[in-house]
Number of protein chains: 2
Amino acid sequence: MSKVQSREKMLEAATRLFHLKGYHATGVNQILQESGAPKGSLYYHFPGGKEQLAAEAIQLSGQLIAGDIRVHLDKYEDAVQAFQQLIQFIAGQFERIDGLLELPTVPLGLLAAETAQVNEHLRQTCEETFGMWESLYIGKLLQCGYSDERARVISTSMIALIEGSVTLSLTRNTNGPLLQIRELIPALLSMK
Amino acid sequence: MSKVQSREKMLEAATRLFHLKGYHATGVNQILQESGAPKGSLYYHFPGGKEQLAAEAIQLSGQLIAGDIRVHLDKYEDAVQAFQQLIQFIAGQFERIDGLLELPTVPLGLLAAETAQVNEHLRQTCEETFGMWESLYIGKLLQCGYSDERARVISTSMIALIEGSVTLSLTRNTNGPLLQIRELIPALLSMK
DNA sequence: TTATATATAGACCAATCGTTATAATTTGGA
DNA sequence: TCCAAATTATAACGATTGGTCTATATATAA
């Protein structure tokens, strides 16, 4: 395994597993098994250990999702349509693996919730990532003529709504909740 | 420690810790320390072990929160007002302990998210609890003249929105997100 | 080709984990 | 008061955890 691949493969495996199962329920041995990398390499490439791996996984995932967000917000001029298509995209990403619903890039809800009280470094990383997504939403809404105040309120709520409905979707083992919140977007964006 | 107290104290401690830190980041030794109960008693009273403890904690917490929901939904005839007051109540429950924001009865977001893929029994318990809360919301909305379809869509979204904003509030260490979603309730409930 | 830096590989570590086992103590009822 | 059942108390268990360590292999530069 080449040096570039090893680090990358570990980060990919970690990203997937942390987002799926959370930080505490994912062991480094599991990440190594999935990535095929040797244990010594993990601490060589990530001297900060499991926590550094998680922080980088959050950032990587945050960037990927920001890319998705940009694509959808840029593609549609109308804010309602843009947000609805984004949510439709997320809902469409769910796939069934071994009978379980699984999301390749899971939003941050789980990691944020589980680290909020027990890991300050990761809490901050999550906060920054949410903040990055939120500014993308604010930018789009301002562009569409929403007041500064309104853009902020809607954007925070949009983050909450999407994270919450992903959790609900995973709990219920159906992407139904995401499809349902999509129907409410017109009402949510009705006041400027 | 009397027999009734022992079981109860363990369940209380478990409820608080599981909801605050999640299932996987809470150890049974920690629960025992906080409750003052001896280890043998834990397995005596909860023969299903940690998992049974968590399931009962979810149910207990779900009932307590259902009580809060009922109080607020019954107190106000107007749906917008009822939901806003409920959210205000949740936001008002945050308190600062050792500089960290802490919620005595935390909604289910964390437990639901972390168990969805790794513990079927707890996933089901979470699903049932969400379902119970959701029917309270549906009932109120139907009473207020919303269509069956609309009541369902709004209720699912309300669960998602509250869970998501609690996560955001804990991540950001401020109840600001909850206060922000409260402002959007009129828009959210604007279509019947 | 050789020397040096980088990365791998896997054994080992102490601590923690959830659970079990068993003896002792307490409680409740006759 | 006595006895059986309930509960407590605590040591021990096997498994897993994240991390350390050291020898070796590979990559790079001269």
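Residues numbered from 1 in each chain as written. Chains lettered and ligands numbered in written order. Predicted model: local features only at pLDDT ≥ 70, side-chain atom pairs only at ≥ 80, totals over all residues. Heavy atoms only, no water.

Along its length, chain A carries nine helices and two strands. Put simply, chain A runs from its N terminus to its C terminus through helices and strands in the order α-α-α-α-α-β-β-α-α-α-α. Its C-alpha radius of gyration of 18 Å places chain A within 12% of the 16 Å reference for a compact globule of 192 residues. Overall, chain A is about 55 × 35 × 35 Å in size when its C-alpha atoms are taken along their principal axes. The 192 residues of chain A split such that 58% are buried. Long-range pairs, those at least 24 residues apart, make up 67% of the contacts in chain A with a sequence separation of at least 6. (Helix = DSSP H or I, 4+ residues; strand = E, 2+ residues; numbered from the N terminus. Rg over C-alpha atoms; globule rule 2.2 N^0.38 Å. Buried < 20%, exposed > 50% of the residue type's maximum accessible area, 1.4 Å probe, protein only. Contact = heavy atoms within 4.5 Å.)

Before going further, it helps to spend a moment on unusual backbone geometry. Trans is the prevailing form of peptide bonds, just as negative phi is the prevailing case for residues other than glycine. Of note in this structure, A:Asn173 is not a glycine but carries a positive phi near 60°. As for its placement among the helices and strands, A:Asn173 is situated in the loop between α8 (148–172) and α9 (176–188).

The geometry of a pair of packed helices is captured by two quantities: the angle between their axes and the separation between those axes. Residues and elements named next belong to chain A. At their nearest, the axes of helix α5 (residues 79–93) and α8 sit 12 Å apart, and the two run at 25° to each other. Put simply, α5 runs roughly parallel to α8. Here α5 runs over α8; the crossing is right-handed. Packed against α5, whose contacting residues are Phe 83, Ile 87 and Ile 90, the element α8 presents Met 158, Ile 162 and Val 166 at the interface. (Axes fitted to C-alpha atoms, helices over the stretch in contact; angles between N-to-C directions. Parallel < 35°, antiparallel > 145°, perpendicular 65-115°, else oblique. Left-handed = near helix turned anticlockwise from the far one by under 90°.)

Moving on, we get to α8(A). Residues and elements named next belong to chain A. In a regular helix each residue adds 1.5 Å, so 25 residues correspond to 36 Å; α8 covers 36 Å between its end C-alpha atoms and thus fits that length. Here α8 lies mainly inside the structure; 22 of its 25 residues are buried. Looking one or two residues beyond α8, the residue adopting positive phi is Asn 173, at roughly 60°. (Expected span 1.5 Å × (residues − 1).)

All names here are of chain B. Within the secondary structure, Lys 140 is located in helix α7 (residues 120–143). Buried charge without a salt bridge: Lys 140, with Asp 74 as the nearest opposite-charge side chain at an N-O distance of 6.0 Å. Apart from the residues lying within four places of it in its own chain, the contact partners of Lys 140 are Leu 73, Tyr 76, Glu 77, Ala 79 and Ala 82. (Lys, Arg positive; Asp, Glu negative; His and termini not counted. Salt bridge = Lys/Arg side-chain N within 4 Å of Asp/Glu carboxyl O.)

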